[in-house]
Amino acid sequence: MKKRFQASAEVRRGVCLLNAGQYREAESAFQGALDFGCVDASLPSYLAAALWGQGHREAATDKLSGVLTENPDHVVTRTRHALALWSDGKPEDAMRSLREGIAENPECAELHFQLGTKLTALERYEEAELRFTQALSIDRDHCEARVSLALCCGVRSAPGESLAQLQRAQAVRPHDARIGLLLAQAARAAQQQGCAVHVRSRMVEEDPVGDEQGLDELSRVIAADPDFVDAFLAIPVGDVDEKVFVMLLKTLEKALERQPEHAEFHYHCGRVLDRLGRCEDAIDHNERAVGIDPKFIRALIELGKLYRKTDRMADATTRLEQAIAAGAEYADVYYLLGNLYRDLGLVGRARSAYRRALLLNDRYSAAMEALNALPV
């Protein structure tokens, strides 16, 4: 998660540098984003990797061939078939399959793009450029075809044409560090050829908290394993953008919409709210958790911490005493309770609490120091 946001920051920095004409520095920023793992792989790439990794290349090819016999113009199947042949070391057969697909469906931009991609891999750049141009004449919004066309222009030493195509691609996908890197490289190459270069790249918009489908899917993951939230909350403060926790909060709220009487969801919701600095709301959710399950030890301890943070010492003491009564025989709980007793002037109780903490953990240095600091 941390790398995801670092990559996003590098992309934004790269766009600023591009617009300032600092192309070498922009290159470095976009490369940094890619190093953080900011990639935008296409579905066919994943499919090719899956086929290769499973080692079922011939079986996959045969199965896809059968499907194509029944549906010769099915674009996704045709693409998968070509990728399977390519992965199986049969590049000419892969291109033949794509050409057959184009004959069946000549107005399919994706098939022209896929064929162009295979041609570039074999360094047949002239025909590849024609295929990418054809794909864009059919679908002007095919961003990958535009990037590939720009690369073909670069191969034939036409950085000006490459730059124009990449600027249009970057306007469509400003978040894509790979396109930003190529744009910076093309701008520098055009500049070195003596061309007047003025790049106007589009700034990346702030990431939304999350789309509804994504939030719904994550909420179901959390429903199956609520402790999943602990992985986020274990990240040190400042290491991850606050938007991550806003997203997490919305996810938990979705889970609560489905199961409003789920005590653990309220507890986790309270912890996220506390991380976001919303103590009162955090208290409210933890109180609801305890209302559903009066012996919910983690929620009781959390309430003790939250009440102390908001200077409600008596309430904090009550909740920690209830946690201990429910079975929270933990050294740190007794230590926290001892601190509360001490702050309330209850020295005898504080001494007993610290001693209990040390009985449970005789190496608890903070409890030892607090005990020794009490007045006789």
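Refer to the preceding data block for the structure.
I will try to describe carefully the structure that is included in this document. Predicted model only: the values in this text are computed from it and were never measured.

Regarding the packing of aromatic side chains
No. 1: For the coordinates displayed, the defined rule picks out four aromatic pairs.
No. 2: Their ring planes at 50 degrees and their centres at 5.4 Å tell us that Tyr267 and Phe296 sit as a pair that is tilted. Note that Tyr267 is positioned in helix α15 (residues 263–275) and Phe296 in the loop between α16 (279–292) and α17 (297–309), a separation of 29 residues in sequence.
No. 3: Here Lys118 stacks its cationic end above the ring of Trp86, 5.6 Å away from the centre of that ring.

A look at helix α18 (residues 313–325)
An α-helical segment advances 3.6 residues per turn. Residues three or four places apart therefore align on the same side.
No. 1: Helix length check: α18, at 13 residues, gives a terminal C-alpha distance of 18 Å against a target of 18 Å (1.5 Å per residue), a fit within 8%.
No. 2: Within α18 the residues assigned to the buried category are Ala316, Thr317, Arg319, Leu320, Ala323 and Ile324. Angularly, the buried residues of α18 cover 170 degrees about the axis, an arc narrow enough to put them on a single face. Turned more than 90 degrees off the buried face of α18, the exposed positions are Ala314 and Ala325.
No. 3: Where α18 is buried, its residues meet α16, α17 and α19 (331–343).
No. 4: Where α18 terminates, the next one or two residues include Gly327, which has phi positive at roughly 120 degrees.

Focus on α15
No. 1: Counted at 1.5 Å a residue, the expected span for α15 with its 13 residues is 18 Å, and the 19 Å between its end C-alpha atoms agrees.
No. 2: In terms of burial, α15 is largely enclosed, as ten of its 13 residues are buried.
No. 3: When we look at burial in α15, the residues that qualify are Ala263, Phe265, His266, Tyr267, His268, Cys269, Gly270, Val272, Leu273 and Asp274.
No. 4: Two residues or fewer after α15 comes Gly277, characterised by a positive phi angle close to 85 degrees.

Looking at the nonpolar core
No. 1: If you look at the biggest cluster of nonpolar residues, it comprises 55 residues, and the most contacted ones within it are Val229, Phe245, Leu248, Val272, Ile301, Tyr354 and Tyr364.
No. 2: Per element, the largest residue contribution to this core is eight residues, and it comes from helix α14 (residues 242–258).
No. 3: The contacts of Val229, once residues within four sequence positions are left out, are Ile222, Leu248, Leu252, His268 and Val272.
No. 4: If you look at the next biggest cluster of nonpolar residues, it comprises 27 residues, including Ala29, Leu182, Leu183 and Ala190.

Considering the environment of Tyr267
No. 1: Judged by relative accessible area, which is 6%, Tyr267 ranks as buried.
No. 2: It is 8.3 Å that separates the C-alpha atoms of Tyr267 and Ala282, two residues lying 15 residues apart in sequence.
No. 3: Apart from the residues lying within four places of it in its own chain, the contact partners of Tyr267 are Asn286, Ala289, Phe296, Arg298, Ala299 and Glu302.

Brief notes about the environment of Ala82
No. 1: Locating Ala82 in the fold gives a position in helix α5 (residues 75–87).
No. 2: A residue is classified by how much of its surface remains accessible, and Ala82, at 1% relative accessible area, is buried.
No. 3: As a C-alpha pair, Ala82 and Asp93 span eleven residues in sequence and 7.6 Å in three-dimensional space.
No. 4: Setting aside residues no more than four positions away along its own chain, Ala82 makes contact with Ala94, Ser97 and Leu98.

Side note on the state of the cysteines
No. 1: Applying the stated criterion to the full structure yields zero disulfides.
No. 2: Counting only cysteine sulfurs, Cys152 is the nearest neighbor of Cys153, a cysteine outside any disulfide, at a range of 7.1 Å.

Brief notes about the side chain of Ser148
No. 1: Residue placement: Ser148 occurs in helix α9 (residues 143–155).
No. 2: Once you skip the residues sitting within four places of it in the chain, Ser148 turns out to touch Phe113 and Phe132.

Topic: the pattern of salt bridges
No. 1: In this structure the tally under the stated criterion is 23 salt bridges.
No. 2: One salt bridge connects Glu280 with Arg312, and the closest N-O pair in it is separated by 3.9 Å. Of this pair, Glu280 sits in helix α16 while Arg312 sits in the loop between α17 and α18, placing them 32 residues apart in sequence.
No. 3: Under the relative-accessibility criterion, Glu280 is labelled partly exposed at 48%.
No. 4: With a shortest N-O distance of 2.5 Å, Arg319 and Glu287 are connected by a salt bridge. Of this pair, Arg319 sits in helix α18 while Glu287 sits in helix α16, and the two are 32 residues apart along the sequence.
No. 5: Judged by its relative accessible area of 22%, Glu287 falls in the partly exposed class.

Reading guide: rules and limits
- Residues numbered from 1 in each chain as written.
- Predicted model: local features only at pLDDT ≥ 70, side-chain atom pairs only at ≥ 80, totals over all residues.
- Heavy atoms only, no water.
- Phe/Tyr/Trp six-rings, centres within 6.5 Å; stacked < 30°, edge-to-face > 60°.
- Helix = DSSP H or I, 4+ residues; strand = E, 2+ residues; numbered from the N terminus.
- Lys NZ or Arg CZ within 6 Å of the ring centre and 35° of its normal.
- Expected span 1.5 Å × (residues − 1).
- Buried < 20%, exposed > 50% of the residue type's maximum accessible area, 1.4 Å probe, protein only.
- Arc of directions from axis to C-beta.
- Contact = heavy atoms within 4.5 Å.
- Core = buried A, V, L, I, M, F, W, Y, C linked by side-chain atoms within 4.5 Å.
- Disulfide = S-S within 2.5 Å.
- Salt bridge = Lys/Arg side-chain N within 4 Å of Asp/Glu carboxyl O.

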